[in-house]
Amino acid sequence: QASAQLQSFDGTGATADGHAVPLLANVGGADSARRAAADGAEGVGLFRTEFCFLERDSEPSVEEQAAAYAGVFDAFAGKKVVVRTLDAGADKPLPFLTDSTEPNPALGVRGYRTDWSNPGVLQRQLQAIAQAAAGSSAEVWVMAPMISTVEDSEAFARMCADAGLRTPGVMIEVPSAALNSRHVLQPVQFASLGTNDLTQYAMAADRQLGSLAALNTGWQPAVLQLVKHAVDGAQLAGQRPVGVCGESAGDPAMAVVLAGLGVATLSMSARSIPAVSSVLRSITLAQAQELAEVALNARTAQQAQQQVRAGLPILD
Ligand code: PEP
Ligand code: MG
């Protein structure tokens, strides 16, 4: 049955009763964006801009950056593209932004924080994004990684306004931002949950260590409680839409839980989209909400996953 549904995949995300959950792609540049568009992604939920410049030892010019961004916008003309500003550091070092001598890079000057060590780089990137957006019909949203406080989100919203970018957002991937989302999301328009880092920081387990994989899963009830808290806070902050762009979004059973928790969009590797679409179409929103409750109340990650899968016969 699942494979029959895969063949009839029409490219949109929705539950059986028609609650839309757009399925977006994570991309790293124009090539992966074109492949994702061909695979049926409804837009881009995470454009990892640092992937365009991993080989560079000096900052790319505004023109070079604008050209790289335009390649992705062109692949999704008329569609939403969420651009993430450079997330340099830890697992993604960029020689022109990050200090390779930090003792704990995952807890160091990474993501948005590099604006403090290298002022000007973020403003120039926002200028390049605005320039590329002006020449394209894509609906460009822009978000900062590794936001931890209200001061961070306020400063980022101001910088976006100065660059003429009208839809600023933040990633929620640090537990402090998830816990304080009702305030952190007030200055911005939307949030995207980075479950990879949120899990790493909630569980104090390095995401790069295979030996800690059992800890590093979005099925951990503590991580799901953080997700719920972040989504509920986003409502209090003025009904800010919350997407998910970490690995969790591409796990079909987890996608159901996230939809049930009130997540508005799911962004994943494009090849995961057909399977996630099939499973979402096999349940109603009310069933997704029930399964989200089951997962939230589970004692262990393993039980959360098993109990949710047991409620999804399409996965048998
Ligand atoms: C995340 O942390 O979940 C995320 C989507 O970003 P990245 O994997 O690029 O850190
Ligand atoms: Mg991250």
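So, here's what we can say about the structure. None of these values were measured; they are calculated from a predicted model.

Core analysis: the biggest nonpolar cluster contains 93 residues, and Val44, Val170, Val256 and Leu266 have the highest contact counts within it. Among the nonpolar cores identified, the runner-up in size contains 6 residues, and Cys52, Phe53, Leu94 and Leu97 belong to it.

A few words now on the site of ligand 1. Taken together, Leu46, Arg48, Asp87, Glu173, Gly194, Thr195, Asn196, Asp197, Cys245 and Gly246 form the complete shell of residues around ligand 1. Within the residue set of the shell around ligand 1, elements represented by two or more residues are β2 (43-48) and α9 (195-203). Examining the composition of the shell around ligand 1, we find that 3 residues originate from one element, α9, more than from any other. For the shell around ligand 1, a count of residues per class yields 2 nonpolar, 4 polar and 4 charged.

Glancing now at helix α6 (residues 150-162). Given a rise of 1.5 Å per residue, 13 residues ought to cover 18 Å, and the 18 Å separating the end C-alpha atoms of α6 matches this to within 8%. Listed in full, the buried residues belonging to α6 are Asp152, Ser153, Phe156 and Cys160. Across the axial projection of α6, the buried residues extend over an arc of 90°, all falling on one side. Facing away from the buried side of α6, by more than 90 degrees, are the exposed residues Glu151, Arg158 and Asp162. Check the buried side of α6 and you find it contacts α5 (121-134), β4 (139-144), β5 (168-172) and α8 (181-184). The positive-phi residue at the C-terminal boundary of α6 is Gly164, with phi of around 85°.

Right, let's talk about the pairing of β5 for a bit. Extensive coverage of β5 is indicated by the burial of 5 of its 5 residues. Burial along β5 is two-sided: the residues Pro168, Val170 and Ile172 and Gly169 and Met171 are all buried. Examined bridge by bridge, β4 and β5 share 3 bridges and lie parallel to one another. Considered in β5, the bridge of Val142 is made with Pro168. Regarding topology, α6 serves as the crossover connection from β4 to the parallel β5, and that connection is right-handed. Of the strand pairs in this sheet, β5 and strand β6 (residues 190-193) are connected by 4 bridges, and their pairing is parallel. Of the residues in β6, the one forming a bridge with Gly169 is Phe190.

Spatially, 8 strands are ordered β1-β2-β3-β4-β5-β6-β7-β8 in a closed barrel, and the strand pairing comes out parallel. The mean inter-strand angle of the sheet, taken between neighbouring strand axes irrespective of direction, is 30°.

Topologically, Gln306 is positioned in helix α14 (residues 301-310). Given 13 C-beta atoms within a 10 Å radius, Gln306 is considered partly exposed. Sequence separation between Gln306 and Ala138 is 168 residues, and the spatial gap between their C-alpha atoms is 40 Å.

Once that is clear, we can look at the packing of helix α11 (residues 252-260) against α14. The relative placement of two packed helices is expressed as an angle between their axes plus a distance between the axes. Their axes nearest at 10 Å, the elements α11 and α14 cross at an angle of 90°. Put simply, α11 runs roughly perpendicular to α14. Here α11 contributes Ala253, Val256 and Val257 to the contact with α14, which in turn contributes Gln305, Val308 and Arg309.

Across the 6 residues that make up β4, a large majority, 5, are buried. Inspection of the sheet shows strand β3 (residues 80-84) paired to β4 by 5 bridges, in the parallel sense. Within β4, the position partnered with Val81 by the bridge is Val140.

Bringing unusual backbone geometry into the picture now. At Ala90, a residue that is not glycine, the phi angle is positive and equals roughly 55°. Here Ala90 lies in the loop between β3 and α4 (114-117). For Met146, which is not a glycine, the phi torsion comes out positive at approximately 60°. Residue placement: Met146 occurs in the loop between β4 and α6. The buried category is assigned to Met146, around which 24 C-beta atoms lie within 10 Å.

Note on placement: Thr12 falls in the loop between α1 (2-7) and β1 (23-27). Put simply, Thr12 and Ala41 are 29 residues apart on the chain and 7.9 Å apart in space, counted from C-alpha to C-alpha.

Here is what the cut-offs are and how they apply
Residues numbered from 1 in each chain as written. Chains lettered and ligands numbered in written order. Predicted model: local features only at pLDDT ≥ 70, side-chain atom pairs only at ≥ 80, totals over all residues. Core = buried A, V, L, I, M, F, W, Y, C linked by C-beta atoms within 7 Å. Buried ≥ 20, exposed ≤ 12 C-beta atoms within 10 Å, placed from the backbone. Near = placed C-beta within 6 Å. Helix = DSSP H or I, 4+ residues; strand = E, 2+ residues; numbered from the N terminus. Nonpolar A, V, L, I, M, F, W, Y, C, P; charged D, E, K, R; others polar. Expected span 1.5 Å × (residues − 1). Arc of directions from axis to C-beta. Contact = placed C-beta atoms within 7 Å. Pairing = 2+ DSSP bridges. Right-handed = clockwise from strand over helix to strand, strands pointing away. Axes fitted to C-alpha atoms, helices over the stretch in contact; angles between N-to-C directions. Parallel < 35°, antiparallel > 145°, perpendicular 65-115°, else oblique.

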